[in-house]
Amino acid sequence: MKKDLFPGPQCTSSPDFIMSQTNTSLLDEVVQWSQETCRQELKSVLPKLTSLHCQSDSWDDHIRILKIITDMFLPHIGLPDLEDKCFSKILPKAVTMFDSMMKEIMDQVGGLSSQNTELCALLRNILQAMMQIIDALSTCVRHVGSLEEAPDLDSIRSLPACILKILKETFQHCKDSEVVYCGRLSLVADLLQGLFKEAYSLQKGLLELLDKICLDNSASDEDVSDIVTVIHSLLDICSVISNLDVALHANTWKFLIKTSLKYQSLVEEHLHHSEISNSLVDNLLTSFHNCVELAEQIKHAGLQEATQSPEYKLFQKSAKMCRFFANTLIHYIKEFKFFLTKSCSCFHQLYLQITSKFPPSLCTPELPIALSQELNAAALVPMDAFLLQLLPLRPFAEAVLQQDLRLSPEHELPHCLLLVSVMGQLAGQPEEVLQLWYAGSQFSEENIRLPLFQAIFTSFRRCYTERKVPVLLPGVMLKGQAQVQVTLHQHICVHLCASVAWLPPEYFRVLECCLVEAVLQADTETAVLAADVWCFTARYGTAELCLHHVLLIAQLVKACATDCYQSSHLGMLLKRMVFLMTPNHQMELVSHFPPSEMENLRVWHHVLLRALSQDICRQVVTEITGLTQKVLADWQSGGYKLGQVGKVNAVLMSLLSVVRGQSSPEEQCVLSSVRIVTQLWLRISPDQLRTHPVLQWTLQLLLSLSAILVKHIEPHMICQALVCLDAVVSQKCADWLLLAALEFLCSLGKIFVPPDSQSQILPRLSGLFGVLLADESWLLHQHTLEAFSQFAENTNHEEVISQSLSVEETKTKVVNYLSKTVNAQEGNELRLERLKHETQHIKQHNEKLECSKEKPFNKPPSEAVPDSEPCPKRARQENSAEQEYSRYIQTAESALKALQALTDGKTNSSAPPPQWLDSRLQELQTLLTHITTVRPSSSR
């Protein structure tokens, strides 16, 4: 090395030069001394050397003096004198000189090139000088470490701070070397590598030295401040070396955490906990994402079997670091959790980002099984312990249970699984933790915090795409049964029910409120999930609790409009809950909501009668049938007023529940129902359906009843129904009415039409099927295919099948459906994109339902007309009279043909005609003669 890295003009007459000559003489003399001489002259020479070191502006002199002090005199300095007589004098100057060297490199490196040999030599000399400074510092560390007496901070106070500052600058320079040297790194690469190794060795020695220091609770504020400074300095170094060396990075973090825990009681109030935890989180995520990228590269390159490949080994290193940071973070949270409140949102996001890369998340990368399992063990498995440490933290609960939580779509499912995992870990937690998660926010001044049950239902609702795919999760392992994959619905349901099983009684009120809210919201599958949990709750509890719940649900059903989504959800729940009641409690339900009263019919619409005991079922059937007959009789005696049709529809709904709810209805119930159906078919006018929507609802109920009772309905009534359906189909009525029509048409396959009625029924039947099979609505078309196939499977009238398929295109569609031909198979990616697109529409639809000011948002026809007589309508048009004539003639014709079938013995009735039949027929003949002879002149 040159004597001076930057030789300037020499001025021999300058006093500084004379002093320099004197200094040089002293240095030249000292380097000749033996160790014994150095020991003897220590007290007199060391102050001069440290003074010269501080005054020196020459890098050469500085390094020369620094080496003399550390190599020749430092071994003779005792521990009590190290700081005051040596380290405090030489180390700050060493840091200053090191900084100036680094600055000179940055100033000069722009001109570096292989042609500029002088500058290249200069920069290499500076790097060598920096290595000598680091080597001198290493000598200091080794000397302190070799002393028999354990050091204390007072005796080496300057050493850690100065070394850590130089280490940070050195590592930063090595990290930025590719950018700093701009493609000319090869000219100095060997020295940079040596510089890094020296710094690596220096840090290792320093950490070993610091590990020997012990502070007790009586440590001074200055000692505590020094330890805190060391920890924060190491944190800064960790941020620099994260991409330089895996072992160095891990060892630095180990010492940082070890020191923080070693002096926990002293430093916990002074540490930058958020910075430390956030840095751990960042390092964990970096290692994790590196693992994922490497695993994808290995898969694409087909190297999953090549365990000795560089990529595979690098993956294992990254996975090891991932596991290290995960465990380190958990340990740090465990010890300092109550100082980490500001990092809880960061912890929440960490969980979401990691779990989103594992099944069943839809954005999970496809990785080789072995690598996926290794990554799972490194990152996902520690997440349970991670959550366990965070449960007592209110800010974490607030971050997770926010009312208006905004998450990206790929994080919706991970958040839902997080909530389920939290719920699974609450068993055995202290009361204050249960209160934090189960009760929600209690006071207005608190941040809004949903109860955990409500948060789970809300999160499940947002996972629309995952429910439709569906995603699958590991099921619960049962004795003697293998673990199977289950849907998200099943997974959450099992865990919710398990939580209910041990839930403390004081939280049952919160649970019930959450269940009610979930059942009453618009998303049907979420309501079904809540119903599943509610049924478990009722079944797991006492019979009295079940009765309490049923009465509550029935009251809610009674308060709802008939055809709103809330009524549908509550009715589904009530239908299931009645099965869980004891006979005595079922009787209490009947006494609380007597079926003989109109206002209670909404309750009995939803009850399956086969769930009731035999005696109670008979009573309910009798009361509902009697009420239906009374309402129809009142309607008839009142002149069939349109304003009373709402009541008629209400009793028809109950009658429908009666005939549907019994596996084999009693004969008397069937006969009564058939009489009612026959009476109503005679009153239905197709011309009024479009004008009066309330009649469409009547027709729907009538079609559903007729489909069930079809074997007991006379052919002329079936003909009347088909005539009505012709008008319905031609008028393009609502889909829900057409679906009821399909139900009726499908049921006709179960009966044999008498020969004398076939000419009137079968052509109409095939015509209706033909029109509906050609409908362009995919939903209606699919239901028509299903209904037609069932009809074709059961019917004896095969000519209807061929006549319905007269159009070749329709025939092809039916054949493809029956043969289960798939025209175009949707790929997984396209299906996923479609489901994501549908999610937004479903969300908007549900929000529209729930935000509607009018409840229900769309009143059913049965409630659209008030009991009072409606306002007068405008006069009918001229052609309406002709339509009335046609309708009455068709009714009379159908009735007479049915009477003819009776008298000819073509029906199942074997009884002889009554004696009064002839006289009544004569009266009808007289009436017909009168109609044909006495008519207004305008009709002739």
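The rules behind the values
Residues numbered from 1 in each chain as written. Predicted model: local features only at pLDDT ≥ 70, side-chain atom pairs only at ≥ 80, totals over all residues. Heavy atoms only, no water. Helix = DSSP H or I, 4+ residues; strand = E, 2+ residues; numbered from the N terminus. Rg over C-alpha atoms; globule rule 2.2 N^0.38 Å. Buried < 20%, exposed > 50% of the residue type's maximum accessible area, 1.4 Å probe, protein only. Contact = heavy atoms within 4.5 Å. Areas by Shrake-Rupley, 256 points an atom, 1.4 Å probe, with all protein chains shown as cover. Phe/Tyr/Trp six-rings, centres within 6.5 Å; stacked < 30°, edge-to-face > 60°. Lys NZ or Arg CZ within 6 Å of the ring centre and 35° of its normal. Salt bridge = Lys/Arg side-chain N within 4 Å of Asp/Glu carboxyl O. Axes fitted to C-alpha atoms, helices over the stretch in contact; angles between N-to-C directions. Parallel < 35°, antiparallel > 145°, perpendicular 65-115°, else oblique. Left-handed = near helix turned anticlockwise from the far one by under 90°. Nonpolar A, V, L, I, M, F, W, Y, C, P; charged D, E, K, R; others polar. Expected span 1.5 Å × (residues − 1). Disulfide = S-S within 2.5 Å. Patch = residues over 30% accessible without salt bridge, like charges linked within 9 Å, V, L, I, M, F, W, Y side chains within 5 Å. Core = buried A, V, L, I, M, F, W, Y, C linked by side-chain atoms within 4.5 Å.

Q: Run through the overall build of the protein, naming residues and quoting values.
A: Counting its regular elements, the protein contains 43 helices and two strands. In summary, the protein has a C-alpha radius of gyration of 45 Å against a globular reference of 30 Å for 940 residues, an excess of more than 25%. Seen through its C-alpha atoms, the protein measures out along the principal axes to roughly 155 × 65 × 60 Å. Out of the 940 residues belonging to the protein, those deemed buried represent 48%. Looking at the protein alone, contacts between residues at least 24 apart form 77% of all its contacts between residues at least 6 apart. A total accessible area of about 46,700 Å² is found for the protein, and carbon and sulfur atoms account for 53% of it.

Q: Please provide a residue-by-residue account of the packing of aromatic side chains, values included.
A: Inspection of every chain in the model, using the stated rule, returns 17 aromatic pairs. Ring geometry for Phe347 versus Phe386: centroids 5.8 Å apart, planes at 85°, classification edge-to-face. Of this pair, Phe347 sits in helix H15 (residues 344–355) while Phe386 sits in helix H17 (residues 382–390); the two residues are 39 residues apart in sequence, bridging distant segments of the chain. Phe386 carries the same exposure label as Phe347, and that label is buried. When the centroid spacing of 6.2 Å and the interplanar angle of 65° are considered together, the rings of Phe396 and Trp437 count as edge-to-face. Taken together, the residues span a long stretch of sequence, with Phe396 in helix H18 (residues 394–400) and Trp437 in helix H20 (residues 431–438) at a distance of 41 residues. Residues Phe396 and Trp437 agree in their burial class; the two are buried. Through successive ring pairs, a cluster of aromatic residues spans Tyr438, Phe453, Trp502 and Tyr507. Against the face of Phe460 rests Arg467, its NZ or CZ located 4.9 Å from the ring centre.

Q: Any details on the pattern of salt bridges? Residues and values, ideally.
A: By the definition in use, this model includes 24 salt bridges. Where Arg39 meets Glu36, a salt bridge forms, and the shortest distance between an N and an O atom there is 2.2 Å. Of this pair, Arg39 and Glu36 both sit in helix H2 (residues 35–40), three residues apart, which is roughly one turn of the helix. Connected through salt bridges with shared partners, the residues Asp154, Arg157, Glu222, Asp223 and Asp226 form a single ionic network.

Q: Mind laying out the packing of helix H30 (residues 614–637) against helix H32 (residues 667–681), listing which residues take part and the relevant values?
A: Two numbers describe how H30 lies on H32: the axes approach to 11 Å, and their chain directions differ by 25°. It follows that H30 is roughly parallel to H32 by the angle criterion. Between H30 and H32 lies a crossing of left-handed hand. Within the contact between the two elements, H30 uses Val621, Thr625, Thr628, Gln629, Leu632, Trp635 and Gln636 and H32 uses Cys669, Ser672, Arg675, Ile676, Gln679 and Leu680. A breakdown of the residues in the contact of H30 with H32 according to their chemical character gives six nonpolar, six polar and one charged.

Q: Requested: an account of the environment of Ala399, with residues and values cited.
A: Checked against the element boundaries, Ala399 lands in helix H18. Expressed as a C-alpha distance, the spacing of Ala399 and Glu83, which sit 316 residues apart in the sequence, is 49 Å. In contact with Ala399, not counting residues within four places along its chain, are Cys344, Ser345, His348 and Leu405.

Q: Any details on helix H31 (residues 645–660)? Residues and values, ideally.
A: Between the first and last C-alpha of H31 there are 22 Å, a value that for 16 residues agrees with the 22 Å anticipated at 1.5 Å per step. With respect to burial, H31 is a largely interior element, 14 of its 16 residues being buried.

Q: Lay out the state of the cysteines in plain terms, naming residues and giving numbers.
A: Applying the stated rule across the entire model yields zero disulfides. The thiol of Cys416 is not disulfide-bonded; the next cysteine sulfur, from Cys463, is found 4.6 Å away. Look at Cys416 and you get buried, because its relative accessible area is 0%. No disulfide involves Cys514; its nearest neighbouring cysteine sulfur is the one of Cys513, lying 6.9 Å away. Using a relative accessible area of 3% as the deciding quantity, one classes Cys514 as buried.

Q: So what about a nonpolar patch on the surface? Which residues, and what values?
A: Where nonpolar side chains cluster on the molecular surface, the patch consists of Leu896, Leu921, Leu924, Leu927, Leu928 and Ile931 and spans about 520 Å² of accessible area. Turning to its location among the elements, Leu927 is positioned in helix H43 (residues 917–933). In this structure Leu927 comes out as partly exposed when scored by relative accessible area, which is 47%.

Q: Just give me the short version of the nonpolar core, but keep the residues and values in it.
A: Counting residues in hydrophobic clusters, the biggest one holds 225 residues, and the most contacted among them are Phe73 and Trp437. Tallying contributions element by element places helix H6 (residues 117–146) first for this core, with 16 residues. When near neighbours in sequence (up to four residues on either side) are disregarded, Trp437 contacts Leu391, Phe396, Ala397, Val400, Leu401, Val422, Leu426, Leu450, Pro451 and Leu452. The next biggest cluster of nonpolar side chains, apart from the first, holds 70 residues, and it includes Trp697, Leu705, Leu738 and Ala787.

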